[in-house]
Amino acid sequence: MKKVVDPCCKRKPRVDPWCKRNPWYKCRGYAHFDAPVERESAKKLVSDPPKVASHPFYPFLQYAVVTQKIEKDKTTKRVLQKPAKERKIAYAAHLDSHIYSYYAFLLSQLYETRLKELDIDDSVLAFRSLGKSNIDCANDAFDLIRKYGDCVVYATDISGFFDNLDHKILKGMWASLLGQEKLPDDHYAVYKSITKYSYVSRDDAFKVLGISKNNPPCSGQRFCSVADFREKIRAAELIKPNSETKGIPQGSPISALLSNIYLLEFDKQLHDEISAYGGRYLRYCDDILCMVPMSYESSIRSRVKGLIEDFKLTINETKTSTVLFSDSSGTLQVTGGTQSNGKKPRHLQYLGFTFDGQRKLIRSAAFAKFSAKMRRGVSLAKQTARKHNKMRIASGQVREGIWRTKLYNRYSHLGRQNFVRYGLRAAEKMESNHIRRQLKPLWSRLAERIEKENDDLHNP
């Protein structure tokens, strides 16, 4: 078997024995304060505990992902914008990322073993190599509800999950997983770097280094030299520390696993209690789902809330609902429950899907969001075509319409990775004709939007 020499080379043989032995190594395609590291050099560092213990970690680069929430008014049918949600994403320097990946690899093996020992490996769904997507997990949950028949389903969300992980609890759970009273020096160095981390705003770094946000450095480059880092980044006081006793950066190679390790005891306690009721407990990252018999309707909400508070986290009451399912009439359906808005729920919402006992659907808000995104995309294509037409007219050429190829790739079944393709995968896995019917109008809406903008383009 041929060994790969260049870790960033796209042309790799089918079987790479080095990568099989070292699955923690990944060549990351971004620029940072340091340059990418060859894998043998990375291995020498990460596999040497004293070197890791004394390793100086660079600050994370941080940027914000803003998600615009929208919903459709059931009365007026108008699409309404909700307050935008901002999520901070931080990514580590190249050598630091290899350390995080390596220690995540070591800890994940111990974590998987512990899950099996505690008999809760079928309750924790996210950030594990299960070969399942959120579609599979939602479908499995809905099928379980069908199996239970009469039951209460309690669904809730943990507020600010990564931002509120208590450092002391995390440290204790980390050491417990290793079977030790305190963290070894190398593990402690990694723990300290991920809890008492520092970060630099990516936009501020670009500005002070004279880098265009629209044309950032490519992979294989570094933002600046060590001297520039000291004189332009550190001297300008752009490095901000996390002075809280809680929170880890969302986006590092180890953060997802640590969030699971943090809730290991929580998962065990809740799993055992609900199993004793004859129910089922599932957690997908910060989404909690509990299925219990009808008699436990009044107690499940307070129990989950009280237990999560023991781990210094809080429940997001605005995303909490209790849904009662019943098949007394021979057909499973929603017969009651409560939502945060005080209204009776018509269905259960979970991982982007809804279930009313019969129909598995994609949330309607996802279609409203897609439609708004599609309209912006077609509008931008029109502006681009108008700009090109000015140049064509100036050179004596005829006008052209909107270029459709990219629009089809992004907003139709002709593309490979887009919302429509995601919906088709969901329809197939969930065997849901209802989802197919949800998706059916999208093609005609796209075509109509393109024709409308084309008419406007040719008749200004």
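Before reading on, note that the structure itself is shown above.
From a predicted model like this one, the values you see are computed outputs, not experimental measurements.

Q: Report on the packing of aromatic side chains, specifying residues and quantitative values.
A: In total, this model carries 28 aromatic pairs according to the counting rule given. Their ring planes at 80° and their centres at 6.1 Å tell us that Trp174 and Tyr191 sit as a pair that is edge-to-face. Here Tyr191 lies in helix 7 (residues 185-195) and Trp174 lies in helix 6 (residues 167-178), a separation of 17 residues in the sequence. Among the aromatic residues, those joined into a cluster by ring pairs are Phe353, Phe367, Phe370, Tyr411, Phe419 and Tyr422. A cation over an aromatic ring shows up here: Arg202 above the ring of Tyr63, its NZ or CZ 4.3 Å from the ring centre.

Q: Account for helix 15 (residues 419-430), naming residues and giving values.
A: A turn of α-helix holds 3.6 residues, and therefore any two residues three or four places apart point the same way. Over its 12 residues, helix 15 extends 16 Å from the first C-alpha to the last, a length consistent with the 16 Å expected when each residue adds 1.5 Å. Buried within helix 15 we find Phe419, Val420, Tyr422, Gly423, Ala426, Ala427 and Met430. On an axial view of helix 15, the arc spanned by its buried residues comes to 155°, and they lie on one face. Elements that come into contact with the buried residues of helix 15 comprise helix 5 (134-148), strand 13 (353-355), strand 14 (360-362), helix 13 (364-394), helix 14 (405-411) and helix 16 (433-458). At the N-terminal end of helix 15, a side-chain oxygen is found 3.1 Å from the backbone nitrogen of Val420, two or three residues along, and the residue is Asn418. Just beyond helix 15, the residue with positive phi is Glu431, at close to 50°.

Q: Quick one: what's the story with the sheet that holds strand 11 (residues 333-339), residue by residue and with numbers?
A: The five strands lie next to each other as 8-9-5-10-11, forming an open sheet whose pairing is antiparallel. Where the open sheet ends on each side, the last strands, each with one partner, are strand 8 (280-284) and strand 11. Taken pair by pair, the neighbouring strands of this sheet meet at an average axis angle of 15°, ignoring direction. Sheet topology places strand 8 next to strand 9 (residues 287-292); five bridges connect them, and they run antiparallel. Its bridge partner lying in strand 9, Tyr281 is registered against Cys290. Against the sheet, helix 11 (residues 264-277) touches strand 8 and strand 9, its axis set at about 150° to strand 8.

Q: Any chance you could break down a positive patch on the surface for me, citing the residues and the numbers?
A: Taken together, the side chains of Lys369, Lys373, Arg375, Arg376, Lys406 and Arg410 present a region of like positive charge at the surface. Looking at the positive patch, the elements with two or more residues in it are helix 13 and helix 14. Considering every element that reaches the positive patch, the biggest residue donor is helix 13, with four residues. With respect to the helices and strands, Arg375 occurs in helix 13. For Arg375, a relative accessible area of 33% gives the class partly exposed.

Q: For the state of the cysteines, give the residues involved together with the corresponding values.
A: The final tally for this structure, using the stated rule, is zero disulfides. In this model Cys137 remains outside any disulfide bridge; the closest cysteine sulfur is found in Cys285, 12 Å from its own. With relative accessibility at 3%, the residue Cys137 sits in the buried group. Free of any disulfide, Cys290 has its nearest neighbouring cysteine sulfur in Cys151, separated by 12 Å. Looking at Cys290, the relative accessible area reads 0%, which means it is buried.

Conventions used here
Residues numbered from 1 in each chain as written. Predicted model: local features only at pLDDT ≥ 70, side-chain atom pairs only at ≥ 80, totals over all residues. Heavy atoms only, no water. Phe/Tyr/Trp six-rings, centres within 6.5 Å; stacked < 30°, edge-to-face > 60°. Helix = DSSP H or I, 4+ residues; strand = E, 2+ residues; numbered from the N terminus. Lys NZ or Arg CZ within 6 Å of the ring centre and 35° of its normal. Expected span 1.5 Å × (residues − 1). Buried < 20%, exposed > 50% of the residue type's maximum accessible area, 1.4 Å probe, protein only. Arc of directions from axis to C-beta. Contact = heavy atoms within 4.5 Å. Polar contact = N/O pair within 3.5 Å; in protein donor to acceptor, adjacent residues only side chain to side chain. Pairing = 2+ DSSP bridges. Axes fitted to C-alpha atoms, helices over the stretch in contact; angles between N-to-C directions. Patch = residues over 30% accessible without salt bridge, like charges linked within 9 Å, V, L, I, M, F, W, Y side chains within 5 Å. Areas by Shrake-Rupley, 256 points an atom, 1.4 Å probe, with all protein chains shown as cover. Salt bridge = Lys/Arg side-chain N within 4 Å of Asp/Glu carboxyl O. Lys, Arg positive; Asp, Glu negative; His and termini not counted. Charge placed at Lys NZ, Arg CZ, Asp CG, Glu CD. Disulfide = S-S within 2.5 Å.

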